[in-house]
Amino acid sequence: MKKWFVWSQDILSMFLVQLFVTGMQMLSKIILNQGTFIFALMTYRHVVAAFSVAPFAIFLERGIISKLNLSVWFWLFINALTGITAAMGLYYYGLRDTTATYAINYLNLLPVITFVLSTILRIEKLRLNSKEGKFKILGAILCAGGAVTSSVYKGKSFDIFHNNLNTKLTENVIPKAHWTRGSLLLVGSCLSYASWYMVQVKLLKVFPFKYSATMFTCIIAALQALVIGLCLHTDMPSWRLAWDLELITIFYSGTLATAATFCLVSRAIAKRGPTYPPMFNPLSLIFVAVLDALLLGQDITLGILLGSFLIIAGLYSFLWAKSKEFTQKNAQGEEALPTTLDKAIVISDVQLDSTNP
């Protein structure tokens, strides 16, 4: 009975994480469609995120001020620039140009894109002679095929929901989608995230305090977004907050989508290993697809369905291979330090995304 209770807690915690991710995707899409200035949103949400993570940093990682030298600040700055300011900025613009269902597919590509980039840079080994290596290659091919399919092929549209609710939510929506531009922005976001995972490895070597690193990264990202935003828009309406859905999104992203997600995913990784949380990622894809149709009246195309299936199949193939490699290392008594790619898998779920959109 106790074992079942512990098992159900792990499942429930990952289910909650996917609900938080789904809520973040839908809220972001709605307010972006209504004309919210992206860099103002990024500035405010990361201020809230920094305050949300601060209690954990203060009480669990005391005495780290002396560790903050010039090298640490440099990597914190690069960490914020690549993983939040560039990656999230590009993602938000890509999300605005496409749909929530389409955009979230790209989040599932992150571990595989990072694997490809790590292999090119010779940080990861292909190990083609092993079964795990072959399944990683298969996963990469399936994910790439899924991304191309959902981008290029549309096919039949399935008009599932149409009601007064999605009419109300979309009455201020920018009507024209830019699929080509949005796809390029989402690809740029994925590449930026992939480089971010490399930076994370270096940052955690010089500053191995995950809560403090998250807090300082959020603060620096907020300052970066503020500077860029002021260069683009200095008018007050673009920065003004009101008691509306934008304010709810800002606090939701800072508390549930950052602090709560960070704690739940960190706990799951400690108990189940780094490949456990990503296994639940497809749940958010399903939730977002249903809510995208229900709330925003978006049609679900055959191309997106086929692409999503290929991406999910590729993701599971890839994660199975990584899980086997992780188990083998532990069985052989090797040091259980995650590789660059393991970091990518872990951080992509925490989304500091816990900071992820």
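Residues numbered from 1 in each chain as written. Predicted model: local features only at pLDDT ≥ 70, side-chain atom pairs only at ≥ 80, totals over all residues. Heavy atoms only, no water.

Asks: Quick one: what's the story with the overall build of the protein chain, residue by residue and with numbers?
Replies: Across its full length, the protein chain holds 14 helices and two strands. Summed over all atoms, the accessible surface of the protein chain reaches about 16,300 Å², with 70% contributed by carbon and sulfur. (Helix = DSSP H or I, 4+ residues; strand = E, 2+ residues; numbered from the N terminus. Areas by Shrake-Rupley, 256 points an atom, 1.4 Å probe, with all protein chains shown as cover.)

Asks: Kindly report on helix H3 (residues 70-97), identifying the contributing residues and their values.
Replies: With 28 residues, H3 should reach 40 Å at 1.5 Å per residue; the first-to-last C-alpha distance of 39 Å fits that figure. The sharpest bend along H3 measures roughly 35° and falls at Leu81. The distance from a side-chain oxygen at the start of H3 to the backbone nitrogen of Ser71 is 3.1 Å, and the residue carrying that oxygen is Asn69. (Expected span 1.5 Å × (residues − 1). Bend = angle between axes of the 7 residues up to and from the residue. Polar contact = N/O pair within 3.5 Å; in protein donor to acceptor, adjacent residues only side chain to side chain.)

Asks: An account of the packing of aromatic side chains is requested, with residue identities and associated values reported.
Replies: A full pass over the atoms with the stated rule returns 13 aromatic pairs. One aromatic cluster is present, built from ring pairs that chain together Phe37, Phe39, Tyr44, Tyr93 and Trp239. (Phe/Tyr/Trp six-rings, centres within 6.5 Å; stacked < 30°, edge-to-face > 60°.)

Asks: Explain the packing of helix H5 (residues 110-120) against helix H8 (residues 179-206) to me, using residue names and the numbers behind them.
Replies: Working note: a packed helix pair is described by the angle between its axes plus the distance between those axes. Contact geometry for H5 and H8: axes closest at 9 Å, N-to-C directions at 65°. The interaxial crossing formed by H5 with H8 has right-handed handedness. Contact with H5, carried on its side by Leu110, Ile113, Thr114, Leu117 and Ser118, involves Cys190, Leu191, Tyr193, Ala194, Ser195, Tyr197 and Met198 of H8 and no other residues of that element. Partitioning the contact of H5 with H8 into residue classes produces nine nonpolar, three polar and no charged. (Axes fitted to C-alpha atoms, helices over the stretch in contact; angles between N-to-C directions. Left-handed = near helix turned anticlockwise from the far one by under 90°. Contact = heavy atoms within 4.5 Å. Nonpolar A, V, L, I, M, F, W, Y, C, P; charged D, E, K, R; others polar.)

Asks: Explain the packing of helix H2 (residues 38-60) against H3 to me, and be specific about the residues and the numbers.
Replies: Where H2 contacts H3, the two axes come as close as 10 Å, and the packing angle between them is 130°. Taken together, the axes of H2 and H3 are oblique relative to one another. Two packed elements cross with a definite hand, and for H2 against H3 that hand is right-handed. Across the interface between the two elements, Ile38, Phe39, Leu41, Met42, Arg45 and His46 of H2 pack against Ile84, Thr85, Met88, Gly89, Tyr92 and Tyr93 of H3. The class makeup of the residues in the contact of H2 with H3 is eight nonpolar, three polar and one charged. (Parallel < 35°, antiparallel > 145°, perpendicular 65-115°, else oblique.)

Asks: Report on the pattern of salt bridges, specifying residues and quantitative values.
Replies: A complete count under the given rule lists one salt bridge for this structure. Between Asp97 and Arg181 there is a salt bridge, with its nearest N and O atoms 2.7 Å apart. Residue Asp97 is found in helix H3, and its partner Arg181 is found in helix H8; the two are separated by 84 residues along the sequence. Residue Asp97 is classed as buried on the basis of its relative accessible area, which comes to 4%. (Salt bridge = Lys/Arg side-chain N within 4 Å of Asp/Glu carboxyl O. Buried < 20%, exposed > 50% of the residue type's maximum accessible area, 1.4 Å probe, protein only.)

Asks: Could you give an account of the side chain of Thr149, with specific residues and numbers?
Replies: Its location among the elements puts Thr149 in helix H6 (residues 131-152). A distance of 2.7 Å separates the side chain of Thr149 from the backbone oxygen of Gly145, its partner in a polar contact.

Asks: Account for the nonpolar core, naming residues and giving values.
Replies: One finds Leu76, Tyr92 and Phe207 to be the most contacted residues of the largest nonpolar core, which totals 80 residues. Considering every element that reaches this core, the biggest residue donor is H2, with eleven residues. (Core = buried A, V, L, I, M, F, W, Y, C linked by side-chain atoms within 4.5 Å.)

Asks: Account for a nonpolar patch on the surface, with residues named and values stated.
Replies: Where nonpolar side chains cluster on the molecular surface, the patch consists of Leu12, Phe15, Leu16 and Leu19 and spans about 320 Å² of accessible area. Inspection of the secondary structure assignment puts Phe15 in helix H1 (residues 2-33). (Patch = residues over 30% accessible without salt bridge, like charges linked within 9 Å, V, L, I, M, F, W, Y side chains within 5 Å.)

Asks: Give me the lowdown on the side chain of Gln224, citing residues and values where you can.
Replies: With respect to the helices and strands, Gln224 occurs in helix H9 (residues 210-232). Taking the relative accessible area as the measure of exposure, Gln224 reaches 9% and is therefore buried. Not counting the four nearest positions on each side in its chain, Gln224 is found in contact with Phe77, Ala80, Leu81 and Thr85.

Asks: Explain the environment of Leu315 residue by residue, including any values.
Replies: Turning to its location among the elements, Leu315 is positioned in helix H13 (residues 302-331). Taking the relative accessible area as the measure of exposure, Leu315 reaches 1% and is therefore buried. Once the C-alpha coordinates of Leu315 and Cys143 are considered, the two residues, 172 residues apart in sequence, prove to be 6.8 Å apart.

Asks: Please give an account of the environment of Ile219 that cites residues and values.
Replies: Position of Ile219 relative to the elements: it lies in helix H9. Between the C-alpha atoms of Ile219 and Ala50, which are 169 residues apart in sequence, the distance is 6.1 Å.

Asks: So, the confidence of the model for the protein chain: which residues are in play, and what are the values?
Replies: Across the protein chain, the average pLDDT comes to 79, with 82% of residues at 70 or higher. Within the model, the stretch residues 334-341 combines pLDDT values under 50 with 18 contacts to residues more than four positions away or in other chains. Across residues 347-353, where pLDDT falls below 50, the model places 32 contacts with residues more than four positions away in sequence or in other chains. (pLDDT = per-residue confidence, 0-100.)

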